[in-house]
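Structural description and commentary
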Amino acid sequence: MKKLSRLSVFAYGAGDAANSMIISTGNMFLLVYYTDVAGIGAAAAGTLLLLLRVFNAFTDIAAGRIVDRVHSRRWGKFRPFLMFGFVPLLLSVAVFHVPDVEPSLKLLYAYCTYGLVCVAYSMVNVPYGCLVGAMTQDARQRARLGGARTLGGLSVGAALGFFIAPLLGAGQDMQQVFTWLTITFAVVGSALYAFTGAACAEQVPGSVPRITLGQSMAALKANSPLVILCVSSVLFVTGTSATGASQFYYLRDVMSRVDLFPLMAAAQVAITLTVAVLIPRPVARWGKRAVYSAGACLGAVGGLLVFLAPAEAPLLGVAGLVLGLLASASVSIVTWALIADTVEYGEWKTGVRVQGINYALLAATRKLGMGFGAGVVAFSLAWGGYASGVAEQPESATLAIRAAAGLLPGVLVLAAVGIMYWYRLTDRKHAELVASLTRDAR
């Protein structure tokens, strides 16, 4: 099997940059857009995000089944889907253009447009994630791909924080900002998806080209590491998504320092670059599970700092957010490598290489986490009496923002670490079963 070229690693990272033009924009700004621009109430917006991201979890599973049933002799199983990445990008433009109509019609429009994005995004994101397992079986190479993916995705998130968030202060035309942002992303993101599809070759063949539903269910039933990883992931992503969705409110309404958003963006770039370059070494020395747990513990410490930092010490709160970024980057990288490992585990147990449904289940749990996280923030805002357009929020609202940004995420990521105690598929065990599969294939 050929060693991955720098071009293929870079191209894989470019695919998640395109993903983040959809998902990061939504995670960071969709709740703000719905409450402060579209005029949708916080509770209604939170219910919408929760329900549609739960719906998105099911669309991911459906997409996984479709992917497992498709096979192209020339392009493989996954790359053909990336050529349709322009569809969710174009739909994202519609999401951020809620018409000025009566409230019930606004809400209906929001449900319809964001629901369509969920369906289209699943059909692109699930096969994109499966590419890791199809490009290589080497642990270090998978860590490189995970690093490239995290770097591509978080670089877009950093750009949003550095260039877009400062444009959303009081008195700014937020609708115009989102119009130009989503149109630009539709053009650039479509090109990035096409680049990933063209440059990322699939080197690991499936055991069977088309997998039946019965084979998928049997493989999932036997795959305990996949179940444990998914449960841990939904807890971790709920926490980090709550922090991400409330970060703008935290800096603007609690710390009164929205000008620090660019600093957070710069920190995100530095952290992503550092972690993406360095993480293969600790993975090789201690294993992916240990790195996952250590990163999540950093997130718990960061959450506590965010919750307790006084308004007079905004840099202390920012330090907590930075630790959260470090946790998110390191855990995300090893998560994409771990899910690829579970594919080989399932093949070793059942003799069938199920890739699409494995990744789809992990993606579904992450979507659930995103939905739960955004819902927690929105419901917290409603509970605390948050009022859009008000210069100074009541004390109950700032307390609710603190809890959503720091306290709850800290508890959830600690719970995610506890769940990973039962994850027994160590890197040594994975290497042994891959060697066994290789011998059996000869």
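Residues numbered from 1 in each chain as written. Predicted model: local features only at pLDDT ≥ 70, side-chain atom pairs only at ≥ 80, totals over all residues. Heavy atoms only, no water.

Some thoughts on the overall build of the chain
- Counting its secondary structure elements, the chain contains 16 helices and 0 strands.
- Relative to the compact-globule value of 22 Å for 442 residues, the chain shows a C-alpha radius of gyration of 21 Å, a close match.
- Judged by the C-alpha coordinates and their principal axes, the chain covers about 70 × 40 × 35 Å.
- Counting only residues that meet the buried cut, the chain has 56% of its 442 residues in that class.
- Considering only intrachain contacts with a sequence separation of at least 6, the fraction spanning at least 24 residues in the chain is 86%.
- Accessible area for the chain stands at about 17600 Å²; split by element, carbon and sulfur atoms hold 68% of it.
- The distance from the centre of the 33 positive side-chain charges to the centre of the 20 negative ones in the chain is 14 Å. (Helix = DSSP H or I, 4+ residues; strand = E, 2+ residues; numbered from the N terminus. Rg over C-alpha atoms; globule rule 2.2 N^0.38 Å. Buried < 20%, exposed > 50% of the residue type's maximum accessible area, 1.4 Å probe, protein only. Contact = heavy atoms within 4.5 Å. Areas by Shrake-Rupley, 256 points an atom, 1.4 Å probe, with all protein chains shown as cover. Lys, Arg positive; Asp, Glu negative; His and termini not counted. Charge placed at Lys NZ, Arg CZ, Asp CG, Glu CD.)

Focus: the state of the cysteines
- Here the structure, examined in full by the defined rule, presents 0 disulfides.
- The structure places no disulfide on Cys-112, whose sulfur is separated from the nearest cysteine sulfur, that of Cys-118, by 12 Å.
- Looking at Cys-200, it has no disulfide partner, and the nearest cysteine sulfur is the one in Cys-130, 13 Å off. (Disulfide = S-S within 2.5 Å.)

Digging into the nonpolar core
- If you look at the biggest cluster of nonpolar residues, it comprises 122 residues, and the most contacted ones within it are Tyr-34, Tyr-114 and Tyr-250.
- Residues contacting Tyr-114, with those up to four places away along its chain left out, are Leu-30, Tyr-34, Leu-48, Leu-49, Leu-52, Arg-53 and Val-95. (Core = buried A, V, L, I, M, F, W, Y, C linked by side-chain atoms within 4.5 Å.)

Re helix H1 (residues 6-37)
- When the local axis directions of H1 are compared, the greatest deviation, roughly 55°, occurs at Phe-29.
- Most of H1 sits inside the fold, with 26 of its 32 residues counted as buried.
- Among the residues trailing H1, Gly-39 stands out with phi positive, at a value near 80°. (Bend = angle between axes of the 7 residues up to and from the residue.)

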